[in-house]
Amino acid sequence: MLRRHVLAGLAAGAALSRTAQAQADDWKKVEDAGRKEGKLVLYTASVGNPFLKQTTDSFTKKYGIAIEKLEARASEVRERVRVEQSAGRFLGDIHHNGSTTTWLMQRDGNFQPRGDIPNTKNIVAPFVADEIKIPCEVISYALMVNRNMVKPADEPKSWKDILDPKWAGKILSDDYRALGGGAVFFVVMQNTFGREFHEKLAAQKPVFSRDLQNSERRVARGEYPLYLPFSLQNLNNLKGLPIKPIVPAEGRPWVRFDLTILKNAPRPNAARLFMNHYLEPEQQLVYANAGYAPVIGGVVEKTLPEIRTLLATPAMGTTDPPKQDAMLALAKEIYK
């Protein structure tokens with residue numbers, strides 16, 4: 001009996017080894033084909049992002065595959081793809097955009113199945129890949145306070161603490177009635193606490209501004225003691241200023257960026273190689289040190305100390321693209 005079990009175990013181990021070798025051989029064929037394609041055209045909504053440049057530069061250095069980038073706002077990238085594909089022109093290979101725009105474009109049939117990507121096995125919850133898209137980096141939102149105006153004892157510990165009457169008229173905020181961080185905050189608070197939370201926050205008379213970078217500096221200058229929602233990746237731009245990011249006890253609202261392969265991509269193997277490269281721990285660490293949450297495990301622990309405690313907090317929730325229009329309408333109803 002024991003001998004039979006041992007032989008069965010050895011046979012199963014040998015089968016797994018053959019499967020792993022076959023997968024490695026298949027991926028080597030993708031790598032060789034990608035190198036022969038020699039080029040990759042990337043359409044991205046991450047305009048001027050230096051961390052994306054680090055990732056594309058390291059990809060070119062590793063594989064010898066040159067990358068041409070088209071950078072534009074999310075809606076402009078979507079329209080560019082729509083016009084090109086409607087005309088039968090398939091120029092781009094890989095698409096990098098927020099999850100809402102990606103969902104809209106997936107619904108419109110702008111992508112093709114991605115095929116196997118080995119590093120997707122390292123993706124951790126709540127992030128998931130499907131047959132079309134993979135998550136690649138995550139924007140996280142917190143509160144930001146002016147340290148000269150808010151004593152440590154008065155700092156909000158819960159998102160509900162901003163409903164305290166002492167903050168009335170003292171909150172500067174991104175607009176919840178338009179797509180962006182404010183809309184993400186609105187959806188997550190609505191899903192977590194319900195409409196009553198927003199009705200009470202509306203009574204606090206938050207001041208809306210869509211000038212994100214200037215808003216953060218207005219708080220740093222002392223015009224307002226509190227700003228929300230604050231994108232953690234902007235922390236590096238505010239070093240030396242009297243501000244402090246705070247992730248409340250419930251966690252961080254977040255929104256994801258995805259990678260997809262465009263329909264009839266001229267260079268599909270190079271596109272798959274780039275997807276796999278983006279999920280390497282070294283590339284995820286580049287983004288994590290800049291304040292983006294990684295989508296694979298084992299990265300947060302290696303980040304810089306000043307960002308590690310923020311990224312180690314719970315991922316609270318995100319938007320649901322099919323419900324986005326209804327949520328914007330609700331925000332306009334509550335925040336007149």
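Since the structure is predicted, the reported quantities are computational estimates derived from the model, not experimental observations.

(A) Region of the structure containing the overall build of the chain. Looking only at helices and strands, one finds 11 helices and 11 strands in the chain. Viewed in the frame of its principal axes, the chain has a C-alpha envelope of about 70 × 65 × 40 Å. In the chain, which comprises 336 residues, the proportion classed as buried is 51%. Taking contacts inside the chain between residues at least 6 apart in sequence as the whole, the part at least 24 apart equals 77%. Surface exposure of the chain reaches about 15900 Å², of which carbon and sulfur atoms provide 53%. Placing the 47 positive and 37 negative side-chain charges of the chain at their respective mean positions leaves the two points 2 Å apart.

(B) Molecular detail of the nonpolar core. Counting 83 residues, the largest nonpolar core has Ile-94, Ile-162, Phe-185 and Leu-201 as the members making the most contacts within it. Ranked by residues supplied to this core, first place goes to strand β5 (residues 133-146) with nine residues. Contacts of Leu-201, omitting those with residues within four sequence positions, involve Ile-162, Leu-163, Ile-171, Tyr-176, Phe-185, Pro-206 and Tyr-335. Counting residues in hydrophobic clusters, the runner-up holds nine residues, among them Val-41, Tyr-43, Val-77 and Phe-111.

(C) Just the packing of helix α5 (residues 181-193) against helix α11 (residues 324-334), in detail. Relative to each other, α5 and α11 sit at 90°, their axes nearing to 10 Å. Judged by the angle between their axes, α5 and α11 are roughly perpendicular. Taking contact as the criterion, the partners of Ala-183, Phe-186, Val-187, Gln-190 and Asn-191 in α5 are, on α11, Gln-324, Met-327, Leu-328, Leu-330, Ala-331 and Ile-334. Residue composition of the contact of α5 with α11, grouped by class: eight nonpolar, three polar and no charged.

(D) Local environment of the pairing of strand β2 (residues 66-71). Across six bridges, the pairing between strand β1 (residues 39-44) and β2 is parallel. Bridge pairing in β2 places Leu-42 opposite Lys-69. You can see the chain leave β1, run along helix α2 (residues 50-63) and come back into β2, and the turn it takes is right-handed.

(E) Looking closely at empty space enclosed by the protein. Taken as a whole and judged by the stated rule, the model has one cavity of 30 Å³ or more. Every residue along the wall of the largest cavity is listed here: Tyr-43, Val-81, Glu-84, Gln-85, Arg-89, Phe-90, Leu-91, Gly-92, Leu-262 and Lys-263. Looking at which element gives the most residues to the lining of the largest cavity, the answer is helix α3 (residues 74-86), with three residues. In the lining of the largest cavity, the residues fall into five nonpolar, two polar and three charged.

(F) A look at helix α6 (residues 195-203). Residues of α6 that are buried: Phe-197, His-198, Leu-201 and Ala-202. Buried residues of α6, seen end-on, are gathered within an arc of 130° and therefore sit on one face of the element. The elements touched by buried residues of α6 are β6 (171-173), α5 and α11. Directly beyond the C-terminal end of α6, a positive phi value near 55° is found at Lys-205.

Calculation rules
- Residues numbered from 1 in each chain as written.
- Predicted model: local features only at pLDDT ≥ 70, side-chain atom pairs only at ≥ 80, totals over all residues.
- Heavy atoms only, no water.
- Helix = DSSP H or I, 4+ residues; strand = E, 2+ residues; numbered from the N terminus.
- Buried < 20%, exposed > 50% of the residue type's maximum accessible area, 1.4 Å probe, protein only.
- Contact = heavy atoms within 4.5 Å.
- Areas by Shrake-Rupley, 256 points an atom, 1.4 Å probe, with all protein chains shown as cover.
- Lys, Arg positive; Asp, Glu negative; His and termini not counted.
- Charge placed at Lys NZ, Arg CZ, Asp CG, Glu CD.
- Core = buried A, V, L, I, M, F, W, Y, C linked by side-chain atoms within 4.5 Å.
- Axes fitted to C-alpha atoms, helices over the stretch in contact; angles between N-to-C directions.
- Parallel < 35°, antiparallel > 145°, perpendicular 65-115°, else oblique.
- Nonpolar A, V, L, I, M, F, W, Y, C, P; charged D, E, K, R; others polar.
- Pairing = 2+ DSSP bridges.
- Right-handed = clockwise from strand over helix to strand, strands pointing away.
- 1 Å grid on protein atoms, 1.4 Å probe; cavity = no way out; pocket = protein on both sides within 12 Å on 5 of 7 lines; lining within 4 Å.
- Points joined across faces, edges and corners; volume = space filled by probe spheres on them.
- Arc of directions from axis to C-beta.

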